[in-house]
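Observations on the three-dimensional arrangement
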Amino acid sequence: MLDDRAALAAADPHGARAVLAAFPAQCRTAVDIETGALPPMKRPRVVVVAGMGGSAAAADLVAACAADRVEVPIVVHRGYGLPSVAWDGALVVAVSYSGNTAEVLSAVETAQVRRLPLAIVTAGGALGALAKQRNVPCALVPDGIMPRMALGSLFFPLARLLRALDLDVVSSAEIEEALTVVDALAAELGPERPSADNEAKRLAATIGARWPAVYGGPVTGPVAYRWKTDFEENAKAFALAGALPEMNHNTIEAWRTSRARDLQLILLRDEHEAPEIKRRFDVLRQLVGASAGGVSECQARGQGVLARLLSLTYLGQWTSVYLAVLRGVDPWTIPTLDAMKRLLGS
Ligand code: F6R
């Protein structure tokens, strides 16, 4: 079915696959988006990025890239208000694709009450209007797609904003490499490439009716979480996610029960992972491989951290869209999430 054009078109009526195919172009455009000048300030003591769901995923990616190179902590805040670390010396960045997410608007309000420097990344909505009215530095990104599919549009302006404060999350060379890697992947994973030669289609078919359970290492762990949310929103499928080494200290126990048969173990591997992590992945396979419904390994591409994280993320996006098609659900719409927002009046 995944190789049948007409069947794909019928199963994906809103064109999620076209949006994913255009992801490399989305990233290239996003690299040049102006962020607006931040008020003159010293290096922040901490950066708090407020966002939810797909918008928070961009912040996770920034924090993952920064982890081993930026001394200023980047805290991703998913919720109302702001945590107590957001006081003197903090920079708050509000990221919301729609610009209308209640939790993010509440974080902005708190930042203003606390008189904290604020920047915004959005495609419009109430946040876009607020940025204009109150002259808040704002990266206005192209609108019209689903927030979770706008990862490039949100990630690059956020990284650029931080670079303006000397917080070098990714270098220009790493950005260039990542763009080349996602370009190549778009051709390898898109609908035109048949299943026999398409990792995302094959993985979706292998998962089939099982629950995907995705684990990364210390660097790719946040990407495993992103795979989980993509399976949930695109394929409307329950999914598990975690990271090594932590899961070796808890979740691993559940993997040798009979219920593990219902799960597809998906390991996100990275040739840059430390030898002790590599060993843990190997021993994990040894211990639970036979009781899992199946085991798949996906390899990150590239040398730089951004290429490695983005290549795995992009593979997860395609896999979840193909899984949606196989399960007969529309990968674009999120009716329950929308109903929740509607009922809350946000
Ligand atoms: C929908 C999606 C959601 C949203 C979340 C927050 O595609 O990915 O997870 O990202 O509901 O909305 P925004 O991103 O508009 O602030």
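Below you will find a few notes about this structure. Quick caveat: nothing in here was measured; it's all calculated off a predicted structure.

Thresholds, definitions, all that
- Residues numbered from 1 in each chain as written.
- Predicted model: local features only at pLDDT ≥ 70, side-chain atom pairs only at ≥ 80, totals over all residues.
- Heavy atoms only, no water.
- Patch = residues over 30% accessible without salt bridge, like charges linked within 9 Å, V, L, I, M, F, W, Y side chains within 5 Å.
- Areas by Shrake-Rupley, 256 points an atom, 1.4 Å probe, with all protein chains shown as cover.
- Salt bridge = Lys/Arg side-chain N within 4 Å of Asp/Glu carboxyl O.
- Helix = DSSP H or I, 4+ residues; strand = E, 2+ residues; numbered from the N terminus.
- Near = heavy atom within 4 Å.
- Polar contact = N/O pair within 3.5 Å; in protein donor to acceptor, adjacent residues only side chain to side chain.
- 1 Å grid on protein atoms, 1.4 Å probe; cavity = no way out; pocket = protein on both sides within 12 Å on 5 of 7 lines; lining within 4 Å.
- Sits in = over half its atoms within 2 Å of the grid points.
- Points joined across faces, edges and corners; volume = space filled by probe spheres on them.
- Nonpolar A, V, L, I, M, F, W, Y, C, P; charged D, E, K, R; others polar.
- Buried < 20%, exposed > 50% of the residue type's maximum accessible area, 1.4 Å probe, protein only.
- Contact = heavy atoms within 4.5 Å.
- Core = buried A, V, L, I, M, F, W, Y, C linked by side-chain atoms within 4.5 Å.

There is a patch of nonpolar side chains on the surface, built from Trp211, Phe238 and Leu240 and spanning about 320 Å² of accessible area. Take Phe238: it is sitting in the loop between helix H10 (221–235) and strand E7 (240–243).

Below, the discussion takes up the site of the ligand. The ligand sits among 15 residues. The nearest are Ser55, Ser96, Ser98, Thr101 and Arg148. One of the side-chain N or O atoms of Ser55 is found 2.5 Å from an oxygen atom in the ligand. Contacts to the ligand include Lys341, whose side-chain N or O atom sits 2.7 Å from an oxygen atom. The site holding the ligand turns out to be the largest pocket. By residue number, the principal contributor to the shell around the ligand is helix H4 (residues 53–66), which donates three residues.

On to the layout of surface pockets, then. As a volume, the largest pocket reaches approximately 1100 Å³. Taken together, the elements giving at least two residues each to the lining of the largest pocket come down to H4, strand E3 (90–96), helix H5 (102–113), H10 and helix H13 (335–344). The leading source of residues in the lining of the largest pocket is H13, at seven residues. What lines the second largest pocket is Ala64, Cys65, Ala67, Asp68, Arg69, Pro218, Val219, Pro222 and Val305. A per-class count over the lining of the second largest pocket returns seven nonpolar, no polar and two charged.

A word on the side chain of Ser311. Turning to its location among the elements, Ser311 is positioned in helix H12 (residues 305–327). Accessibility expressed as a relative area gives 4% for Ser311, which makes it buried. Setting aside residues no more than four positions away along its own chain, Ser311 makes contact with Val181, Leu185, Ala300, Arg301 and Leu306.

Attention now moves to the nonpolar core. Core analysis: the biggest nonpolar cluster contains 88 residues, and Val93 and Trp227 have the highest contact counts within it. Ranked by the residues each element gives to this core, the list is headed by H12, at 14 residues. Of all hydrophobic cores here, the second largest spans 20 residues; its members include Val46, Leu82, Val92 and Ala131.

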